[in-house]
Amino acid sequence: DTGVSQDPRHKITKRGQNVTFRCDPISEHNRLYWYRQTLGQGPEFLTYFQNEAQLEKSRLLSDRFSAERPKGSFSTLEIQRTEQGDSAMYLCASSLAGYSYNEQFFGPGTRLTVL
Amino acid sequence: DQQVKQNSPSLSVQEGRISILNCDYTNSMFDYFLWYKKYPAEGPTFLISISSIKDKNEDGRFTVFLNKSAKHLSLHIVPSQPGDSAVYFCAARKVGGGSQGNLIFGKGTKLSVKP
């Protein structure tokens, strides 16, 4: 399967704990995006990488959130000191740069539940 | 302030009939529009897109229409099939002008196709 993969698929944690999610994009895609989706809402943009450079962050990304994409391949999203409001589906997407009208391909998401 | 609006949370259609899903946007800088389909516990799957230089794009049973003056687009599914039952998200992005291409999503419309 050469699609976007995410790990883990589900994560249950207690408030105050740190969690880390991983995303593996489609191999030839150099752009990688993180989105968050809560119940009844569409996905909301969090941050974006082109290769290893983090080029844009949403105001939704508080200082408890950090994302990395070492070597421009996989990416990790870490949430420190989780809060119940962080409970959501975290989605990763990838696309090709260089062609403006290109779609983003999404992974299956990581569902986070903070107790 | 929702820049992409899907005002119908749900739609029920008989198998074989046409499904019409609507989407309105407010930002005149958007010039690329996409529809994604989402099944429960999966990430969004790209369906069809349209750039602002066109007013119609067709792919099999799926056609997207764009009315720029009204800032409105619609997705037509003909004929509808039970397997089309899913949540459909409308998304928009700005292309060029320094935009990094993150998508702005609507809240989604849940389509149910009854046999």
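Here's what I pulled together on the structure shown here.

Cut-offs applied
- Residues numbered from 1 in each chain as written.
- Chains lettered and ligands numbered in written order.
- Predicted model: local features only at pLDDT ≥ 70, side-chain atom pairs only at ≥ 80, totals over all residues.
- Heavy atoms only, no water.
- Helix = DSSP H or I, 4+ residues; strand = E, 2+ residues; numbered from the N terminus.
- Contact = heavy atoms within 4.5 Å.
- Areas by Shrake-Rupley, 256 points an atom, 1.4 Å probe, with all protein chains shown as cover.
- Lys, Arg positive; Asp, Glu negative; His and termini not counted.
- Charge placed at Lys NZ, Arg CZ, Asp CG, Glu CD.
- Pairing = 2+ DSSP bridges.
- Axes fitted to C-alpha atoms, helices over the stretch in contact; angles between N-to-C directions.
- Polar contact = N/O pair within 3.5 Å; in protein donor to acceptor, adjacent residues only side chain to side chain.
- Phe/Tyr/Trp six-rings, centres within 6.5 Å; stacked < 30°, edge-to-face > 60°.
- Disulfide = S-S within 2.5 Å.
- Buried < 20%, exposed > 50% of the residue type's maximum accessible area, 1.4 Å probe, protein only.

1. A closer look at the overall build of chain B
- Of regular secondary structure, chain B possesses zero helices and eleven strands.
- Order of helices (α) and strands (β) in chain B, N terminus to C terminus: β-β-β-β-β-β-β-β-β-β-β.
- Within chain B, residue pairs in contact and separated by at least 24 positions form 54% of the contacts whose partners lie at least 6 positions apart.
- By element, 48% of the accessible surface of chain B is carried by carbon and sulfur atoms, the whole surface being about 5500 Å².
- One finds the centroid of the 14 positive side-chain charges in chain B at a distance of 4 Å from the centroid of its 9 negative side-chain charges.

2. Some thoughts on the sheet that holds strand E8 (residues 75–79) of chain A
Residues and elements named next belong to chain A.
- Pairing within the open sheet is antiparallel, and its four strands lie in the order E1-E3-E8-E7. Both edges of this open sheet fall to strand E1 (5–7) and strand E7 (65–68), since each of them pairs with a single strand only. Sheet twist, expressed as the mean angle between neighbouring strand axes with direction ignored, is 15 degrees.
- Relative to E8, E7 runs antiparallel, the two being bridged by four bridges.

3. Structural notes on the side chain of glutamine 6 of chain A
Residues and elements named next belong to chain A.
- Looking at the secondary structure, you find glutamine 6 in strand E1.
- Within polar-contact distance, the side chain of glutamine 6 engages the backbone oxygen of tyrosine 90 at 3.0 Å.
- Here glycine 109 takes part through its backbone nitrogen, which lies 2.9 Å from a polar atom of the side chain of glutamine 6.
- Setting aside its immediate chain neighbours within four residues, glutamine 6 contacts Arg22, Cys23, Trp34, Tyr90, Leu91, Cys92, Gly107, Pro108, Gly109 and Thr110.

4. Examining the packing of aromatic side chains
- In total, this model carries 13 aromatic pairs over all chains according to the counting rule given.
- By the ring-pair criterion, three or more aromatic residues cluster together here, those being Tyr33, Tyr35, Phe45, Tyr48 and Phe106 of chain A together with Tyr36, Phe46, Phe89 and Phe105 of chain B.

5. A closer look at the state of the cysteines
- Across all of its chains, the model carries two disulfides over all chains by this definition.
- Residue cysteine 23 of chain A pairs covalently with cysteine 92 of chain A via a disulfide, S to S 1.8 Å. Taking the sign of the S-S torsion, about -65 degrees here, the bridge from cysteine 23 of chain A to cysteine 92 of chain A comes out left-handed. Taken together, the positions of cysteine 23 of chain A in strand E3 (residues 19–24) and cysteine 92 of chain A in strand E9 (residues 88–95) put the pair 69 residues apart, joining distant regions of the chain.
- On the basis of relative accessible area, cysteine 23 of chain A is assigned to the buried category, the value being 0%.
- Here cysteine 23 of chain B is linked by a disulfide to cysteine 90 of chain B, with a sulfur-sulfur distance of 2.0 Å. The sign of the S-S torsion, about -75 degrees, decides the handedness of the disulfide formed by cysteine 23 of chain B and cysteine 90 of chain B: left-handed. Taken together, the residues cysteine 23 of chain B in strand E3 (residues 19–25) and cysteine 90 of chain B in strand E9 (residues 86–93) connect sequence positions 67 residues apart. Neither cysteine 23 of chain B nor cysteine 90 of chain B differs from the other in exposure class; each is buried.

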